[in-house]
Amino acid sequence: MKKDFREINESYTLPQAIREAQRCLHCKVPSCKKGCPISNDIPEWIAELAKGNFGNAMQIINRRSNLPAVCGRVCAHEKQCEGHCVLEKKGTHINIGKLERFVADFDSDAGLTHEAIPEKTRGRVAVIGSGPAGLTIAGDLSRKGFGVEIFEMEPEPGGVLMYGIPEYRLPKEVVRREIKKIEHLGVIFHLNNTIGEKHTIDELFEQGFDAIFMGTGTGVPKRLNIPGVNHPAVRQAIRFLRRVSLYESGCMSRDEVIVGNDDIVFVIGCGNTALDAARTAIRMGSKEVTVVYHRDISHMKALRSEYDEAVNEGVKFLWNTSITNIQALDPTHLRSVTLNTDGIETVVPADHVVMAVGSAPAARIVSTTEGIEVDEKGYVLTRENPYGMTTRKGVFAGGDVTNRPATVVHAMRDAKQVAEGIERYVDAVKLMESINTDK
Ligand code: SF4
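Basis of the calculations
- Every residue gets a number counted from 1 within its own chain, in the order that chain's sequence is written.
- In keeping with the predicted nature of the model, local features appear solely for residues at pLDDT of at least 70, side-chain atom pairs appear and are counted solely at 80 or more, and the whole-chain, interface and lining totals rest on all residues.
- Hydrogen atoms and water are omitted, and side-chain values are computed over all heavy atoms in the structure.
- Secondary structure elements follow DSSP: runs of H or I of four or more residues count as helices, runs of E of two or more count as strands, with numbering from the N terminus.
- In this description the radius of gyration comes from C-alpha coordinates, and the expected globular size is given by 2.2 Å times residues to the power 0.38.
- Whether a residue is buried, partly exposed or exposed follows from its accessible area with a 1.4 Å probe, protein chains only, as a fraction of its type maximum: under 20%, in between, or over 50%, in that order.
- Residues count as neighbours in contact if any of their non-hydrogen atoms are within 4.5 Å of one another.
- Computed by Shrake-Rupley with a 1.4 Å probe, the accessible areas treat only the displayed protein chains as cover when residues are assessed.
- Should a side-chain nitrogen of Lys or Arg be within 4 Å of a carboxyl oxygen of Asp or Glu, the pair is scored as a salt bridge.
- Proximity is defined per residue: if any heavy atom of the residue lies within 4 Å of a molecule or strand, that residue is considered near it.
- Three categories are distinguished: nonpolar for Ala, Val, Leu, Ile, Met, Phe, Trp, Tyr, Cys and Pro, charged for Asp, Glu, Lys and Arg, and polar for the others, with Gly belonging to the last.
- Paired rings are identified among Phe, Tyr and Trp, the last through its six-membered ring, by centres lying within 6.5 Å, and are further divided according to the angle between planes into stacked (under 30 degrees), edge-to-face (over 60) and tilted (the rest).
- Take the residue count of a helix, subtract one, and multiply by 1.5 Å to get its expected span.
- DSSP calls a pair of strands paired once it identifies at least 2 bridges connecting them.
- With axes taken as lines fitted to C-alpha atoms, and helix axes fitted only over the stretch in contact, angles between N-to-C directions fall between 0 and 180 degrees.
- Patch definition: residues above 30% relative accessible area lacking any salt bridge, with like charges linked at up to 9 Å and the nonpolar side chains Val, Leu, Ile, Met, Phe, Trp and Tyr linked at up to 5 Å.
- For the purpose of charge, His is not counted, nor are the chain termini; Lys and Arg are scored as positive and Asp and Glu as negative.
- By convention, the point assigned to a charge is CZ for Arg, NZ for Lys, CD for Glu and CG for Asp.
- For classification purposes, angles smaller than 35 degrees are called roughly parallel, those larger than 145 roughly antiparallel, those between 65 and 115 roughly perpendicular, and all remaining angles oblique.
- Each helix crossing is assigned a hand: it is left-handed if the near helix lies turned anticlockwise from the far helix by less than a right angle, otherwise right-handed if that turn is clockwise.
- Domain borders in the structure are assigned automatically or taken from a domain database.
- Values labelled buried area give the accessible surface lost by two parts on being combined, using a 1.4 Å probe and summing over both.
- Distance and chemistry together define a polar contact, namely a pair of N or O atoms within 3.5 Å, with one atom able to donate a hydrogen and the other to accept it when in protein, and with adjacent residues in sequence counting only for side-chain atoms on both sides.

**What to know about the overall build of the protein**
The helix and strand tally for the protein stands at 16 helices and 15 strands. Over its C-alpha atoms the protein spans a radius of gyration of 23 Å, differing by no more than 12% from the 22 Å that the globule rule assigns to 439 residues. When the 439 residues of the protein are sorted by exposure, 53% land in the buried category. Put simply, of all contacts in the protein between residues at least 6 apart along the chain, 67% involve residues at least 24 apart. Approximately 20000 Å² of the protein is accessible, and the part contributed by carbon and sulfur atoms is 51%.

**A word on the pattern of salt bridges**
For the coordinates displayed, the defined rule picks out 31 salt bridges. One salt bridge connects aspartate 41 with lysine 33, and the closest N-O pair in it is separated by 2.6 Å. Lysine 33 sits in the partly exposed class, given a relative accessible area of 28%. Where aspartate 308 meets arginine 304, a salt bridge forms, and the shortest distance between an N and an O atom there is 3.4 Å. Of this pair, aspartate 308 and arginine 304 both sit in helix α15 (residues 304–312), four residues apart, which is roughly one turn of that helix. Classification of arginine 304 by relative accessible area gives partly exposed; the value is 45%. Three or more residues joined by partner-sharing salt bridges are found here, namely Arg169, Asp276, Arg279, Arg283, Glu306, Glu309 and Glu313.

**Focus on the site of the ligand**
Lining the immediate surroundings of the ligand are Cys24, Leu25, His26, Cys27, Ser31, Cys32, Pro43, Cys85, Val86, Ile94 and Ile96. When the residues that make up the shell around the ligand are grouped by side-chain class, the tally is nine nonpolar, two polar and no charged.

**Describing the packing of aromatic side chains**
The geometry of an aromatic ring pair comes down to the distance between the two centres and the angle between the two planes. Scanning the model with the defined rule gives nine aromatic pairs in all. Their ring planes at 65 degrees and their centres at 4.7 Å tell us that tyrosine 307 and phenylalanine 317 sit as a pair that is edge-to-face. Placement of tyrosine 307 in helix α15 and of phenylalanine 317 in strand β9 (residues 316–318) is noted, with a sequence separation of ten residues between them. By relative accessible area, which is 13% here, tyrosine 307 ends up buried. On the basis of relative accessible area, phenylalanine 317 is assigned to the buried category, the value being 15%. Taken together, a centroid distance of 5.7 Å and an interplanar angle of 65 degrees make the contact between phenylalanine 396 and tyrosine 425 edge-to-face. Here tyrosine 425 lies in helix α16 (residues 408–438) and phenylalanine 396 lies in strand β15 (residues 395–397), a separation of 29 residues in the sequence. When sorted by exposure, phenylalanine 396 lands in the same class as tyrosine 425, which is buried.

**Structural notes on helix α12 (residues 237–248)**
With twelve residues, α12 extends 16 Å between its outermost C-alpha atoms, agreeing within 8% with the 16 Å of an ideal straight helix rising 1.5 Å per residue. Buried within α12 we find Ala237, Phe240, Leu241, Val244, Ser245 and Leu246. In this structure, the buried side of α12 is in contact with α9 (160–163), α10 (172–184), β6 (234–236), α13 (254–257), α14 (272–283) and β13 (352–355). Once α12 finishes, glycine 250 follows within two positions and takes phi at roughly 85 degrees, a positive value.

**With respect to the sheet that holds β13**
What the five strands build is an open sheet, ordered β6-β13-β7-β8-β9; its pairing is parallel. In this open sheet, the two edge strands, each paired with only one partner strand, are β6 and β9. Going across the sheet, the axis of each strand differs from the next one's by a mean of 25 degrees, ignoring polarity. Set on the sheet, α14 makes contact with β7 (264–268), β8 (288–292), β9 and β13; between it and β8 the angle comes to about 170 degrees.

**With respect to a positive patch on the surface**
Taken together, Lys222, Arg295, Lys301 and Lys377 make up a surface patch of like positive charges. Structurally, the position occupied by lysine 377 is in the loop between β14 (359–360) and β15.

**Details of the side chain of glutamate 178**
Here glutamate 178 is to be found in helix α10. Residue class for glutamate 178 comes out buried when judged on its relative accessible area of 1%. When sequence neighbours within four positions are dropped, the list of residues in contact with glutamate 178 reads Asn66, Leu67, Pro68, Ala69 and Val70.

**Notes on the side chain of glutamate 306**
Inspection of the secondary structure puts glutamate 306 in helix α15. When its relative accessible area of 8% is taken as the criterion, glutamate 306 is described as buried.

**Looking at the packing of helix α8 (residues 132–143) against α16**
Relative to each other, α8 and α16 sit at 40 degrees, their axes nearing to 8 Å. By the angle class used here, α8 and α16 are oblique. Here α8 runs over α16; the crossing is right-handed. Packed against α8, whose contacting residues are Pro132, Ala133, Thr136, Ile137, Asp140 and Leu141, the element α16 presents Val408, Ala411, Met412, Ala415, Lys416, Val418, Ala419, Ile422 and Glu423 at the interface. Here the contact of α8 with α16 is composed, by residue class, of eleven nonpolar, one polar and three charged.

**Notes on the domain arrangement of the protein**
In terms of domain boundaries, the protein breaks down into domain 1 (14–110), domain 2 (124–219 + 361–438) and domain 3 (222–358). Each of domain 1 and domain 2 was reduced to a C-alpha centroid, and the two centroids are 28 Å apart. Counting residues at the interface gives 20 residues for domain 1, matched by 23 residues for domain 2. At the boundary of domain 1 with domain 2, total buried surface from both sides reaches about 1800 Å², with 64% on carbon and sulfur atoms. When the buried area of domain 1 at its contact with domain 2 is split by residue, Asn66, Leu67 and Val74 rank highest and sum to 35% of it. Of the charged contacts in the structure, one is a salt bridge between aspartate 105 and arginine 177, with a shortest N-O distance of 2.5 Å. For the pair domain 1 and domain 2, the number of links is seven residue pairs in polar contact (both at pLDDT 80 or more). Looking at the side of domain 1 that touches domain 2, the elements that each hand over two or more residues are α4 (54–64), α5 (68–74) and α7 (96–110). Looking at which element gives the most residues to the side of domain 1 that touches domain 2, the answer is α5, with six residues. The residue inventory of the side of domain 1 that touches domain 2, partitioned by class, reads eleven nonpolar, five polar and four charged.

Spelled out as C-alpha cells, the structure:
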C-alpha cells in the first residue's frame, strides 16, 4: 500500500486510556520514573487519569515537561519509562507514552488547563533557537517570572521538531499546539531572525538582556570522503527532511525536494535520522530505498521499533556494507554506486544517495562573539556552576550544541538544568546590582 505522511500510531479512545491507566500498580518505588530522563511523575498522573481527572493529570505532567504531546510521540519509551516499568518483565508494560500523548491531546482539544501567566519581574533572557532545548528553557524560565524572547532563524518555531522529524511520526499541528502553549506563558518569538547574521550576541546584551541561551543545535551535516560525494544528487538527510517539511507546509514546490518519483535511493547511516530519511523517501514515491550500514544490526543506533516499521514499509537494509564510490551519469543524475560488503565490491544502479552520518554545530555565533570557547570539534564548552554557562559571562548553552544530549527528551533534561543555572546567575547579578545601588 502506498505510504503517506498521515500519523502512523493511533491515539487511545477515552475508555481505552482509562482502562490502560487502571492497570498501573502505583509502585511505591516507581521504576518507570527512574527510567524517565526528566523524572516525570508518572504514577501520580496515571492515578489521576485512572480516576478520569484529566486536568489534574495534565497539571502534574506540566510540572516536569513543556512538550508532553511531543514526548508522548517521539520519546524512546521502550528504552526509558516503559522499558523500566515493573510489568515489562511479563511483557505487559503500561503504555506510558501513549497515555501521555492522550492526556496532552485531550487537554488541548477540551481546553482544560489554563496556566496563570506570572509577572515578568526577574529579568530578561534571550533564547537563540527554538528546538526542544530552547522551548524548555523558555517554558521553565517564563513560569518562574523571567521575560523570555526566542530568536529563530526559520519561518516557524520548533527546530528539529518542525523541520527534522517527519509528519508521520510527529504532526506539525501537534508541534504548533505545544508552541502556542509556551507562547501563552508570555514568551515572545522573533522568527526569520538569525543571530550571528542579523544581530550579534553583543547587540542582544545592549538591548538589555540579562542572559542569553544558545540552543542552536547541530546544523552542519558531516560528509564521508567518498569519490563522487560532491555530486548534486548526493543529499544530506537533515536537509532532505527539512525540504520535505517545507514542501508539506506548502512553502516549497515538489521539484525542489528532488528525491522521490520512482528513484532508487541509498541512505548511508543507521540512526533515527537515517531511518526517517529512508521512510520519507518511500513516502515521496521512491521505487527502492536501501539503508547501507558499515556495521551489523546489533550496532544500529535507531530504535528497534523504527527499524521494524521501516522494514514493514519496504526499506531494505545492507549490513556490514559501505558505499565506496558514487558514479555520475551526467552533472545532475547518478548512474550507480559501488557497494563493498566484506571486501566484495558490486556496482548497482542508483539515482540518489542520502547521507545521515551525524552533524556538527555551525560556527555562526561563536565566530561573531568574543569569548565563547569550543572544543576541537566545534562543540561549545560550558561550566558546571552555574550549570550551562559558557566561557563568556552571561551566555549559556545546552542541547546538541554542547554535545551532551542525544534525543529530544535528553535535550529537555539538559535544558532544565541550564534553566536553573540561568535563574541562579540572573538572580545573583540583580542582587549585586541592588546592593551597589543602595550604597
Ligand atoms: Fe505503574 Fe509500571 Fe510505573 Fe509501576 S513501574 S508505577 S506499574 S507505570
